[in-house]
Amino acid sequence: MAVDNTVPYGEPGIAGFAKESWGNKQNWQYGDTPALTTKSVSFTASGADLEINFLDVLNGAGALADYNVTPDAGTADYIAAASITIADGDTALCPVYVQGHFEMDALGWDASYDTDAKKEAAFVGSVSPTIFVSKGKFNSDAIY
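Small disclaimer: the values here were computed from a predicted structure and weren't measured.

Student: Quick question: what am I supposed to make of the overall build of the chain here?
Tutor: Across its full length, the chain holds one helix and eight strands. Per-residue burial over the chain gives 31% buried out of 144 residues. In the chain, 65% of the contacts between residues at least 6 apart in sequence involve partners at least 24 apart. Carbon and sulfur atoms provide 52% of the accessible area of the chain, an area that totals close to 9000 Å².

Student: Looking at this structure, how should I read unusual backbone geometry?
Tutor: With the exception of glycine, the majority of residues adopt a negative phi angle, and the majority of peptide bonds are in the trans configuration. Residue Pro 34 is bonded to the preceding Thr 33 through a cis peptide linkage, with omega at 0°. Structurally, Pro 34 is set in the loop between β1 (29-31) and β2 (37-44). One non-glycine residue, Leu 55, adopts positive backbone phi at about 75°. Along the chain, Leu 55 falls in the loop between β3 (50-52) and β4 (57-58). Note on Leu 55: relative accessible area 0%, which makes it buried.

Student: Help me understand the nonpolar core in this model?
Tutor: What tends to happen in soluble globular proteins is that the nonpolar side chains get buried as a cluster. Ile 79, Phe 102, Leu 107, Trp 109 and Phe 123 are the most contacted members of the largest nonpolar core, which totals 18 residues. Counting residues per element, the ones that place at least two in this core are β7 (91-103) and β8 (130-134). Other than its neighbours up to four places away in sequence, Ile 79 contacts Leu 55, Asp 56, Val 96, Tyr 97, Phe 102, Leu 107, Phe 123 and Ile 131.

Student: Explain the pattern of salt bridges here, please?
Tutor: It is possible for side chains bearing opposite charge to pair when their charged atoms get close. Throughout the structure, instances matching the rule amount to two salt bridges. Of the charged contacts in the structure, one is a salt bridge between Lys 135 and Asp 116, with a shortest N-O distance of 3.3 Å. Placement of Lys 135 in the segment after β8 and of Asp 116 in helix α1 (residues 116-120) is noted, with a sequence separation of 19 residues between them.

Student: Help me understand the packing of aromatic side chains, please; the structure alone is not making it clear to me.
Tutor: Where two aromatic rings form a pair, the distance of their centres and the angle of their planes describe that pair. Taken as a whole, this structure holds six aromatic pairs when the rule is applied. Consider the rings of Trp 28 and Phe 54, whose centres lie 5.5 Å apart with planes at 85°: the pair is edge-to-face. Of the two residues, Trp 28 sits in the segment before β1 while Phe 54 sits in the loop between β3 and β4, which places them 26 residues apart along the sequence. Judged by relative accessible area, Phe 54 falls into the partly exposed class, the value being 30%. Aromatic ring contacts, followed pair by pair, group Trp 28, Phe 54, Tyr 97 and Phe 102 into a single cluster.

Student: Where do I start with a negative patch on the surface in this structure?
Tutor: Together, Asp 49, Glu 51, Asp 88 and Asp 90 line one region of the surface with negative charge. Here Glu 51 lies in strand β3.

Student: Where do I start with the environment of Ala 87 in this structure?
Tutor: Turning to its location among the elements, Ala 87 is positioned in the loop between β6 (84-86) and β7. Here the alpha-carbon distance between Ala 87 and Leu 50, two residues 37 residues apart in the chain, equals 6.5 Å.

Student: Could you clarify how one ought to interpret the side chain of His 101 in this entry?
Tutor: When you line up the elements, His 101 lands in strand β7. His 101 sits in the buried class, given a relative accessible area of 15%. Within the structure, His 101 has its side chain in polar contact with the side chain of Ser 134 (distance 2.6 Å). Setting aside chain neighbours within four positions, we find His 101 in contact with Gln 29, Tyr 30, Gly 31, Thr 33, Pro 34, Phe 132, Val 133 and Ser 134.

The rules behind these values
- The numbering scheme is per chain: residues are counted from 1 as the chain's sequence reads.
- Side-chain atom pairs in this predicted model are given and counted only at pLDDT of 80 or more, local residue features only at pLDDT of at least 70, and totals for whole chains, interfaces and linings cover all residues.
- Only hydrogens and water are removed before side-chain values are computed, so all heavy atoms of the structure are retained for them.
- Each helix is a run of DSSP H or I of at least 4 residues and each strand a run of E of at least 2, with the numbering of both proceeding from the N terminus.
- Burial classes: relative accessible area under 20% of the type maximum marks a residue as buried, over 50% as exposed, and values in between as partly exposed (1.4 Å probe, protein chains only).
- Here, two residues are considered to be in contact whenever any of their heavy atoms come within 4.5 Å of each other.
- For every accessible area listed, the method is Shrake-Rupley and the probe measures 1.4 Å; residues are considered covered only by the protein chains on display.
- To qualify as a nonpolar core, a set must consist of buried Ala, Val, Leu, Ile, Met, Phe, Trp, Tyr and Cys residues joined through side-chain atoms within 4.5 Å.
- By definition here, a salt bridge exists when the distance from a side-chain nitrogen of Lys or Arg to a carboxyl oxygen of Asp or Glu is within 4 Å.
- Here a pair means two rings of Phe, Tyr or Trp (six-membered ring of Trp) with centres within 6.5 Å. Their orientation is stacked below 30 degrees between planes, edge-to-face above 60, and tilted elsewhere.
- Grouping into patches uses exposed residues only, defined as over 30% relative accessible area, and leaves out salt-bridged ones; the cut-off is 9 Å for like charges and 5 Å for nonpolar side chains (Val, Leu, Ile, Met, Phe, Trp, Tyr).
- His is not counted here, nor are the chain ends, while Lys and Arg score as positive and Asp and Glu score as negative.
- Charge positions are represented by NZ for Lys, CZ for Arg, CG for Asp and CD for Glu.
- We define a polar contact as two N or O atoms separated by no more than 3.5 Å, with the added condition that, inside protein, one atom must be a possible hydrogen donor and the other a possible acceptor, whereas residues neighbouring each other in sequence contribute only through side-chain atom pairs.

Put into C-alpha cells, the structure is as follows:
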C-alpha cells in the first residue's frame with residue numbers, strides 16, 4: 001500500500017534529511033512486445049480446491065508449474081490473468097496469458113524454479129512459446 005507523507009524540514013539554516021519509501025507492486029509487464037494475449041482455459045479441481053492467483057505460472061492442469069529439465073505435463077504453460085478459486089470437483093474457465101513479456105520477479109513461481117536461468121527458460125517448448133520472462137537490471141528497492 002502506498003503511503004503519502006509530508007517530509008518535515010529542519011530549522012532554517014540547518015541541514016535536514018528525511019527518507020521516504022513507497023511500496024507499490026512493481027510493474028509486471030517487462031515490455032509491450034509481443035502484445036499481451038489471453039485465452040480461457042478449462043481447469044478442474046480434483047482432491048482439493050484449486051486456488052489460482054493473478055500472475056501465477058501455471059501448468060496445463062492449473063497448478064503451479066514445477067521445473068523439469070525435460071518439459072512435461074507439470075512444466076510451465078500459462079500465466080494466470082486473474083485470481084480464481086475452483087471448488088473441489090468443479091470445472092471452471094480461467095483467463096490465462098499465452099503471449100507477452102513479463103517481469104520475472106512479479107510472477108508467482110513454484111520453489112523448484114530457484115534460479116533466474118530456470119525462470120527465463122520456463123516457457124521454451126511449452127504450449128505458449130511466445131511468453132518471455134526477463135529480469136530488469138534494477139528494481140524499485142534499489143532506488144532511494
